[in-house]
Amino acid sequence: NAGVTQTPKFRVLKTGQSMTLLCAQDMNHEYMYWYRQDPGMGLRLIHYSVGEGTTAKGEVPDGYNVSRLKKQNFLLGLESAAPSQTSVYFCASSYLPGLNTGELFFGEGSRLTVL
Amino acid sequence: AQSVAQPEDQVNVAEGNPLTVKCTYSVSGNPYLFWYVQYPNRGLQFLLKYITGDNLVKGSYGFEAEFNKSQTSFHLKKPSALVSDSALYFCAPSTGGFKTIFGAGTRLFVKA
C-alpha cells in the first residue's frame, strides 16, 4: 500500500503564479485534510473534506481552494501565489470518527517556495 | 479557545537516559490524545494514543505516554533514549477528524 501520496514534492513559484498540489490515498478513507507546517507553529489546517464532493474551511483557508471530485483524491490550489504561502504542505486522511479513533495518516509533504 | 502547549522547543538527552517530552492542553470535552513523530524531510507518523482506561499507554519504538486528567497533560516518555529517536514530536488532542489541533512541536536531540 502506498498510503498517502503527494505530488509534487518540491515546487518554486513566482508571486502571482498558480499551481495545484495533488493528494491521493488508497486506504478508502472518508476524511482528507490539507495542512501547512511553518517553523514554530506546528500544523495548521487549511481545508478539509468529509467525503467525495464536499469541502470545508479550516483555520487558515485564505488564498487556497480545494476540490474532492473523487474519494481518493484531494487537490489544493493556489490561484495567485504570495511569498506568505512559502511553506511545507501536508495532506492527511483518516477514517470516519466513530469507526476509528481519529488517527491521521500523512503524506511525505510538498515544499513550496514563492519568490 | 482550544489550545495545546509543548513548553520546550528542544529536549536534549544522552543516549541510554530516560526522556520526557511535555504536553498540556485545553480542549473541551474528553479529547483523544495523540503523539506524532516527524523525522527529517518526512511526513508525520502516528506514535501512540490515549482514548480511555489506563493512564499509561504504550506505543511504537518503546515510547509511552502518561495521561493526567487533573493536570490536562499527556507527557511522552521513554525509559532509554536512542540516537535514532532524534526527531520532531507533536502532541495532538482531537475531538474527531478535523477537530485535531497540533502543538508547535518539540525537537528531541539524543546525543551518543
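Please refer to the structure higher up on the page.
Quick notes on the rules
- Residues numbered from 1 in each chain as written.
- Chains lettered and ligands numbered in written order.
- Predicted model: local features only at pLDDT ≥ 70, side-chain atom pairs only at ≥ 80, totals over all residues.
- Heavy atoms only, no water.
- Core = buried A, V, L, I, M, F, W, Y, C linked by side-chain atoms within 4.5 Å.
- Buried < 20%, exposed > 50% of the residue type's maximum accessible area, 1.4 Å probe, protein only.
- Helix = DSSP H or I, 4+ residues; strand = E, 2+ residues; numbered from the N terminus.
- Contact = heavy atoms within 4.5 Å.
- Pairing = 2+ DSSP bridges.
- Buried area = accessible area lost by both parts, 1.4 Å probe.
- Salt bridge = Lys/Arg side-chain N within 4 Å of Asp/Glu carboxyl O.
- 1 Å grid on protein atoms, 1.4 Å probe; cavity = no way out; pocket = protein on both sides within 12 Å on 5 of 7 lines; lining within 4 Å.
- Points joined across faces, edges and corners; volume = space filled by probe spheres on them.
- Nonpolar A, V, L, I, M, F, W, Y, C, P; charged D, E, K, R; others polar.

S.K.: Tell me about the nonpolar core, residues and numbers included.
M.R.: Counting 27 residues, the largest nonpolar core has W35, L48, F74, L76 and Y89 of chain B as the members making the most contacts within it. Sorting the residues of this core by element identifies β2 (10-14), β3 (19-21), β5 (32-38), β6 (44-50), β8 (64-68), β9 (73-78), β10 (87-94) and β11 (106-111) of chain B as the ones contributing at least two each. Those residues in contact with Y89 of chain B that sit more than four places away from it in its chain are Q6, W35, Y36, V37, L47, F63, L76, G105, T106 and L108 of chain B. If you look at the next biggest cluster of nonpolar residues, it comprises 19 residues, including V4, C23, F74 and Y89 of chain A.

S.K.: Could you give me a rundown of the pairing of strand β5 (residues 43-49) of chain A, with the residues and numbers involved?
M.R.: All names here are of chain A. Burial analysis of β5 places seven of its seven residues in the buried class, which makes it a mostly covered element. When strand β4 (residues 31-37) meets β5, the two strands line up antiparallel, connected through six bridges. Bridge pairing links Q37 to L43 in β5. If you look at the hairpin formed by β5 and strand β6 (residues 56-57), you'll find six residues sitting between the two strands, and G53 has a positive phi there, around 85°.

S.K.: Summarise the interface of chain A and chain B; cite the residues concerned and give the values.
M.R.: By convention, interface size is frequently given as the accessible area that disappears when the constituent parts associate. Facing the 22 residues of chain A at the interface are 20 residues of chain B. Both faces considered, chain A and chain B share a buried interface measuring about 1,700 Å² in area, 58% of it formed by carbon and sulfur atoms. Linking chain A with chain B are one salt bridge. The partner of R42 of chain B in a salt bridge is E108 of chain A, with the nearest N and O atoms 2.7 Å apart. Elements supplying a minimum of two residues to the side of chain A that touches chain B: β4, β5 and β9 (87-94) of chain A.

S.K.: Before we move on, can you summarise the layout of surface pockets with the specific residues and values?
M.R.: Size it by volume and the largest pocket reaches roughly 600 Å³. Along its surface, the largest pocket is lined by 27 residues, and Q37, V88 and R111 of chain A together with Q38 and L88 of chain B are the ones closest to its centre. Contributions of two or more residues to the lining of the largest pocket are made by β9 and β11 (110-114) of chain A together with β10 of chain B. Of the residues in the lining of the largest pocket, the class split is 10 nonpolar, 10 polar and seven charged.

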